[in-house]
Amino acid sequence: MSDETYLDLSDLTLAYGKTVAVDRLNLSIRKGELIALLGPSGCGKTTTMRAITGLLRPASGTITLDGADITHVPANRRHVGLVFQSYALFPHLTVFENVAFGLRLKKLPTAEINQRVEAGLAMVGLSKFHSRKPAELSGGQQQRVALARSLVMQPKVLLLDEPLSNLDARLRLEMRTELQRVQRESGVTMVFVTHDQNEALALADRIVVMKEGVIEQIGSPEDVYNRPQSRFVADFVGFENIFPVENGQIVTENGRLELSGAASVNAPGLAWRPNMVSLGNGRFEGEVLGAAFAGGSREYLLMSPLGPIKAEMDAAAPVFEPGSKVAFDLPPERAAVLERM
Amino acid sequence: MTSRLLSYVTLTLVLIFLLGPFVIIVAAALSGGETLAFPPQGLSFKWVMKVFEVESFRASFALSMFLAIFGTLAALVLGVPVAYAASRYRLPFGETIRTIVSAPIIVPGIIVGLALLRYLVIPLDVGVGVALFIAHTALILPYAVRVVSASLDNLRSDIEEAAVILGSTRVATFFRIVLPNIQSGILAAFILGFVTSFNQVPVSLFLSGPGVRTLPIDMIWYMEITYDPSVAALAALLAFLSISIVFLAERFLGFSRYV
């Protein structure tokens, strides 16, 4: 991985007719990086990806890849790969021919095509499936074919649209490892789109969180998970107790509350994960509305003067019954400090 | 119970109504008598054999075959791009285009035939054969568009994008990816077009000239002069031809999915 920008999106605005899907987006990606575009549906992540492939023309802005402005280069000459969410294999062609498709268009010598297709299929563990048709493969196998089909083209950037969302839980884990291995072995720059924070956290070198066509935060998985910068990102990565702060006081539904030690906090908001709430003692009191056993832990919903609070305790800790009163605290030193609400 | 009985009776009557004429024609074709009659007088294959000896039948059969094959091919060449454009792009006036394309189904054939005769053949001195070809092509076009559209709608459009990203041009994608995947739809459209053209009467009725007659028109003309059972024999042969084509198409293509 070098420090130089390899793929650069600059002031990119994307629109469908008059609806702006992505608004002046700026993003720099280094060679060999594995980037996740994370966000709920409609946030513009898939649109951004389509713009990188060239399937969508930007309304304004530029896309630079490997030193060349590709903003107006048509999709079939961009050297960008895309693994579709639906895999989009060619139903009338065998696995071998699917993978060979792009190479044949390049009019490479047959021997080289054969060798590259074999290598591609070997990389995804499908060497024995040459002559099958896509319909005869499982979803996971189809995805591997789609991956091999893109990889044999040796794209400068490989894009993946929701690569794990159509797989069942066990396959998802397997494919995740597989994608990391393929990325390590091929060294290809990868950008994948996902709505699943766990997927992004587990796979990416850097995560780009998007909301309504705008980037909310760019950071390492640790950054995004532990130090969300905005209310939206905090909420998205599981900080379920989020409060605005004004003049060192947290603002609740029932007025303002002094937060000891937080007086110095000069940020517009604070956020706590349920497991950051200390339960059993503290300055506040709430009534247990609901409790649920979640395997290793127990989740509580409290009604308090601060509004509803979600808390999580180790399963071995004392149990609080619904209806009982319980003391709790929101330790300011543990809170994530939000820069934007 | 009575309602059930009633439905059986209805069903039987419908079947008799649908199949009855066919039975009558086949029986009349195998008649040993000298005139077209039912019930047949005796049993004989002589009228079936005679069909192949009538010179005008041979000529009109050749013309009908030519129109059915090349008219359908022309309709496909025109219709496949229309179907593709309609299914993949949001066209301005898309609905209007669709309506115009299906107009030949809706407008009575007799009007189409008369219009072509009055405004193409007579003033422009276009040959009847050419007019017939145009008429049949136009008539088959709606079927071609509709059947091909159905199979295009079942084909995911993202595989075309996948091909483009792999380096294919849009045109090459159409030939390498789209066309192979809608083959059976095109074949179904061809068969439907062929049968429609071959059995077409009202349009062809106006577009006949000396020595230029499609087979059904020739049969009408023959019957007016010679009232013998060979017309019935020919009708029976044609019915068998149509049935076997559709039967084979259903067997190998699942024809009814497209129609």
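Residues numbered from 1 in each chain as written. Chains lettered and ligands numbered in written order. Predicted model: local features only at pLDDT ≥ 70, side-chain atom pairs only at ≥ 80, totals over all residues. Heavy atoms only, no water.

## Description of the packing of aromatic side chains
All names here are of chain A. Counted by the stated rule, this structure contains 14 aromatic pairs over all chains. Taking 5.6 Å as the distance between ring centres and 40° as the angle between the ring planes, the aromatic pair formed by F284 and F328 counts as tilted. With F284 in strand β15 (residues 278–293) and F328 in strand β18 (residues 325–329), this pair connects stretches of sequence that are 44 residues apart. On the accessibility criterion, F328 (0% relative accessible area) is buried. (Phe/Tyr/Trp six-rings, centres within 6.5 Å; stacked < 30°, edge-to-face > 60°. Helix = DSSP H or I, 4+ residues; strand = E, 2+ residues; numbered from the N terminus. Buried < 20%, exposed > 50% of the residue type's maximum accessible area, 1.4 Å probe, protein only.)

## Quick look at the interface of chain B and chain A
The interface is formed by 16 residues belonging to chain B together with 20 residues belonging to chain A. Taken together, the links from chain B to chain A amount to one salt bridge. In this structure, the salt-bridge partner of R50(A) is E161(B), at a minimum N-O distance of 2.7 Å. Counting across the interface, chain B meets chain A through six residue pairs in polar contact (both at pLDDT 80 or more). Breaking the side of chain B that touches chain A down by element, the ones donating at least two residues are α7 (158–165) and α8 (170–181) of chain B. Broken down by element, the side of chain B that touches chain A gets its largest block of residues, seven residues, from α7(B). (Contact = heavy atoms within 4.5 Å. Salt bridge = Lys/Arg side-chain N within 4 Å of Asp/Glu carboxyl O. Polar contact = N/O pair within 3.5 Å; in protein donor to acceptor, adjacent residues only side chain to side chain.)

## What to know about the sheet that holds strand β10 (residues 214–219) of chain A
Residues and elements named next belong to chain A. Overall, mixed pairing links the six strands, which are arranged β6-β7-β8-β3-β9-β10 in an open sheet. Lying at the two open borders of the sheet, with one neighbouring strand each, are β6 (80–83) and β10. Each strand of the sheet is rotated relative to its neighbour by a mean of 20°, with strand direction disregarded. Helix α1 (residues 45–53) rests against β3 (34–38), β6, β7 (157–161), β8 (189–194) and β9 (206–211) of the sheet, and its axis sits at about 145° to β7. (Pairing = 2+ DSSP bridges. Axes fitted to C-alpha atoms, helices over the stretch in contact; angles between N-to-C directions.)

## Describing the sheet that holds strand β4 (residues 60–65) of chain A
Residues and elements named next belong to chain A. Ordered in space as β2-β1-β4-β5, the four strands form an open sheet in which the pairing is antiparallel. With one partner strand each, in any of the chains shown, β2 (19–30) and β5 (68–69) form the two edges of the open sheet. Bridge analysis of strand β1 (residues 5–16) against β2 gives eight bridges, and the strand direction is antiparallel. By the bridge assignment for β2, L12 is matched with L25. α1 rests against β1, β2 and β4 of the sheet, and its axis sits at about 115° to β1.

## Remarks on the confidence of the model for chain A
Per-residue pLDDT for chain A averages 89, and the proportion of residues at 70 or more is 97%. Here strand β13 (residues 255–258) of chain A is the element of chain A with the lowest mean pLDDT, 75, and helix α2 (residues 95–105) of chain A is the one with the highest, 95. (pLDDT = per-residue confidence, 0-100.)

## Re a nonpolar patch on the surface
Judged by side-chain polarity, Y8(B), L11(B), V14(B), L15(B), F17(B), L18(B), L19(B) and V23(B) come together as a nonpolar surface patch covering roughly 850 Å² of accessible area. Within the secondary structure, L19(B) sits in helix α1 (residues 2–29). (Patch = residues over 30% accessible without salt bridge, like charges linked within 9 Å, V, L, I, M, F, W, Y side chains within 5 Å. Areas by Shrake-Rupley, 256 points an atom, 1.4 Å probe, with all protein chains shown as cover.)

## So, the nonpolar core
Residues F90(A), L147(A), I207(A), L279(A), F328(A) and V148(B) are the most contacted members of the largest nonpolar core, which totals 160 residues. By size, the runner-up hydrophobic cluster in this structure holds 13 residues, among which are V112(B), L116(B), L120(B) and V128(B). (Core = buried A, V, L, I, M, F, W, Y, C linked by side-chain atoms within 4.5 Å.)

## Remarks on α1(A)
One turn of the α-helix equals 3.6 residues, which is why residues spaced by three or four share an orientation. Residues and elements named next belong to chain A. The buried fraction of α1 amounts to seven of the nine residues, a majority that puts the element mostly inside the structure. If you check which residues of α1 are buried, you get K45, T47, T48, M49, A51, I52 and T53. In the stretch just after α1, G54 is the one whose phi turns positive, near 95°.

## Concerning the layout of surface pockets
Estimated volume of the largest pocket: approximately 410 Å³. Lining the largest pocket are 19 residues, and of these G54(A), L55(A), E161(B), V164(B) and R170(B) lie nearest its centre. Elements with a minimum of two residues in the lining of the largest pocket: α3 (55–88) and α7 of chain B. (1 Å grid on protein atoms, 1.4 Å probe; cavity = no way out; pocket = protein on both sides within 12 Å on 5 of 7 lines; lining within 4 Å. Points joined across faces, edges and corners; volume = space filled by probe spheres on them.)

## Let's talk about α8(B)
All names here are of chain B. With 12 residues, α8 extends 16 Å between its outermost C-alpha atoms, agreeing within 8% with the 16 Å of an ideal straight helix rising 1.5 Å per residue. Burial in α8 covers these residues: T173, F174, I177 and V178. Along the axis of α8, the buried positions cluster into a sector of 125°, meaning they face one direction only. Set apart from the buried face of α8 by more than 90 degrees, the exposed residues are V171 and F175. (Expected span 1.5 Å × (residues − 1). Arc of directions from axis to C-beta.)

## Digging into the packing of α3(B) against helix α6 (residues 128–153) of chain B
All names here are of chain B. Put simply, α3 and α6 touch, their axes get as near as 6 Å, and they point 45° apart. Of the possible angle classes, the one that applies to α3 and α6 is oblique. Crossing of α3 over α6 shows right-handed handedness. (Parallel < 35°, antiparallel > 145°, perpendicular 65-115°, else oblique. Left-handed = near helix turned anticlockwise from the far one by under 90°.)

## Digging into the pattern of salt bridges
Residues and elements named next belong to chain A. Taken as a whole and assessed by the stated rule, the structure comprises 20 salt bridges over all chains. Residue D23 pairs with R24 through a salt bridge whose shortest N-O separation is 3.3 Å. Residue classification places D23 among the partly exposed positions, given a relative accessible area of 31%. Linking R104 and E97 is a salt bridge whose minimum nitrogen-to-oxygen distance equals 2.7 Å. Several salt bridges converge on common partners, so that one network encompasses R144, R170, E174, E178, R181 and E185.

## A look at empty space enclosed by the protein
By rolling a water-sized probe across the atoms, one finds the places where empty space is left. All names here are of chain B. Applying the stated criterion across every chain yields a total of one cavity of 30 Å³ or more. If you add up the space inside the largest cavity, you get close to 40 Å³. In this structure, the largest cavity is lined by F194, V195, F198, L238, L241, S242 and I245. Only α9 (183–198) and α12 (230–253) provide two or more residues apiece to the lining of the largest cavity. Looking at the lining of the largest cavity, the element that brings in the most residues is α12, giving four residues. Along the lines of polarity and charge, the residues of the lining of the largest cavity split into six nonpolar, one polar and no charged. (Nonpolar A, V, L, I, M, F, W, Y, C, P; charged D, E, K, R; others polar.)

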